[in-house]
Amino acid sequence: MTDHWARRGWTGGRRAYYWMVSFPDSPDLIGLTRRCQSALAHLRMDPIPDDALHVTMTRIGDTDHVSPAQIQHLIALAEELPLASFSVAAHPLAGSQGAVRFTLTPWTPLVRLHAQLSEVGRRARVPGGSPTAAFRPHLGIQYSNRSQSAGAVIDSVARLRHLAPVALDVSTVDLVELRRTDRPQRTYRWDVIHQLALGTGTAPPSQDSHKADRPGEGPSRPT
């Protein structure tokens, strides 16, 4: 395991725009997260607070490199997208080099949303993030805060993989200004710049060609 907080480029004052999905009103998700965090407390990782649980959809760009006019153009383009709300399930439990997280399935609606948001970002000429082909939907619950052997983490996570998944409704996606904070604990915090409502229609059917990610597969950066 590596230190999640040692990634290059994240200086003390850095802030960046992202598209993000959060779940502030999901007691089932919070309950499952707390159960897993408690069972993994002996690993001494940094748990993600209840109100900071999120799915990073795609990076827009550092605040120093994206103008207010570009953000307004991006929002206007995103408001025109034919977006539909959907549901996914959070499955215990998977991992990466820097975090422990839930796998989200099915991937299809999340991958489609990533592609749509990436396309409006391209049209708005913002720096953007990873391509959709590299997107691996996940929801982190704790970050590795040091270099350590993955063996103990893998063994501990394996004991929790029998837990039942939690259903999550995705009806909005937020454009946020993201930052890191060290107080009262190390985590990500954000200010919502714009909340994009997803429509009530049904997303077009699609064959989901993605398999659920497995322990050891890397998350899309940065969270």
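Once a new chain begins, its residue numbering starts again from 1 and follows that chain's sequence as written. Selection of residues for local features in this predicted model requires a pLDDT of at least 70, selection of side-chain atom pairs for listing and counting requires 80 or more, and totals for whole chains, interfaces and linings are taken over all residues. Side-chain descriptors were evaluated using all non-hydrogen atoms of the structure, hydrogens and water having been removed beforehand.

A few points about the side chain of Gln142
- Looking at the element boundaries, Gln142 is found in strand S6 (residues 138–143).
- You can call Gln142 buried: its relative accessible area is 2%.
- Setting aside residues up to four positions removed in sequence, Gln142 forms contacts with Gln37, Leu40, Leu43, Met45, Asp46, Pro47, Ile48, Ala99 and Val100. A helix here means a DSSP run of H or I that spans at least four residues, while a strand means a run of E at least two residues long, and both kinds are numbered starting from the N terminus. To sort residues, take the accessible area from a 1.4 Å probe on protein chains only and compare it with the maximum for the residue type: under 20% means buried, over 50% means exposed, and anything in between is partly exposed. By definition in these notes, contact holds between two residues if any of their heavy atoms fall within 4.5 Å.

Thoughts on the confidence of the model for the chain
- A score from 0 to 100, pLDDT tells how confident the predictor is in each residue. In the predicted model, the chain carries a mean pLDDT of 88, and the fraction of residues at 70 or more is 88%.
- Confidence over residues 201–223 falls short of pLDDT 50; this stretch has 65 contacts with residues more than four positions distant or in other chains.

Description of unusual backbone geometry
- Residue Leu93 is reached from Pro92 by a cis peptide bond, and omega for that bond is -5°.
- Among the structural elements, Leu93 can be located in strand S4 (residues 86–95).
- Positive phi outside glycine occurs at Arg44, with the angle close to 60°.
- Tracing the sequence through the fold places Arg44 in the loop between helix H1 (27–39) and strand S2 (46–47).

Some details on the side chain of His194
- Turning to its location among the elements, His194 is positioned in strand S9 (residues 187–197).
- For the purposes of these results, a polar contact is taken to be a pair of N or O atoms within 3.5 Å, where, inside protein, one atom must be able to donate a hydrogen and its partner to accept one; residues adjacent in sequence count only when each atom of the pair is a side-chain atom. A polar side-chain atom of His194 sits 2.6 Å from a polar atom in the side chain of Glu79.
- The residues touching His194, leaving out its near neighbours within four places in the chain, are Ile75, Glu79, Val173, Asp174 and Leu175.

Notes on the pattern of salt bridges
- Any carboxyl oxygen of Asp or Glu within 4 Å of a side-chain nitrogen of Lys or Arg constitutes a salt bridge here. Scanning the model with the defined rule gives 8 salt bridges in all.
- The partner of Arg15 in a salt bridge is Glu177, with the nearest N and O atoms 3.1 Å apart. With a gap of 162 residues between them, Arg15 in strand S1 (residues 15–22) and Glu177 in strand S8 (residues 172–181) connect regions that are remote in the sequence.
- Its relative accessible area of 17% is what places Glu177 among the buried residues.
- One salt bridge in this structure joins Asp46 and Arg186, with 3.4 Å as the shortest N-O distance. Of the two residues, Asp46 sits in strand S2 while Arg186 sits in the loop between S8 and S9, which places them 140 residues apart along the sequence.
- When its relative accessible area of 14% is taken as the criterion, Asp46 is described as buried.
- Arg186 sits in the partly exposed class, given a relative accessible area of 30%.
- Through salt bridges with shared partners, one network takes in Arg14, Arg59 and Asp62.

A look at the pairing of strand S3 (residues 54–62)
- Counting buried residues in S3 gives 8 out of 9 residues, a clear majority hidden from the surface.
- We call two strands paired when DSSP finds no fewer than two bridges between them. Strand direction decides the pairing type here: S1 and S3, joined by 7 bridges, are antiparallel. Opposite Ala16, over in S3, you have Asp62 as the bridge partner.

A short note on the environment of Thr108
- You can see Thr108 is positioned in helix H3 (residues 108–124).
- Among the residues examined, Thr108 registers a relative accessible area of 13% and is labelled buried.
- Linking Thr108 and Pro137, residues 29 residues apart in sequence, is a C-alpha distance of 9.7 Å.

Some thoughts on helix H2 (residues 68–79)
- Under the convention used throughout, the expected extent of a helix is 1.5 Å for every residue step, that is, one less than its residue count. Taking 1.5 Å of rise per residue, the 12 residues of H2 would be expected to cover 16 Å, and the 17 Å separating its terminal C-alpha atoms lies within 8% of that figure.
- Within the span of H2, buried status applies to Gln70, Ile71, Leu74, Ile75, Leu77 and Ala78. Across the axial projection of H2, the buried residues extend over an arc of 165°, all falling on one side. Counted as exposed and oriented over 90 degrees from the buried face of H2: Pro68, Ala69 and Gln72. The reported arc concerns the directions from the helix axis to the C-beta atoms and nothing else.

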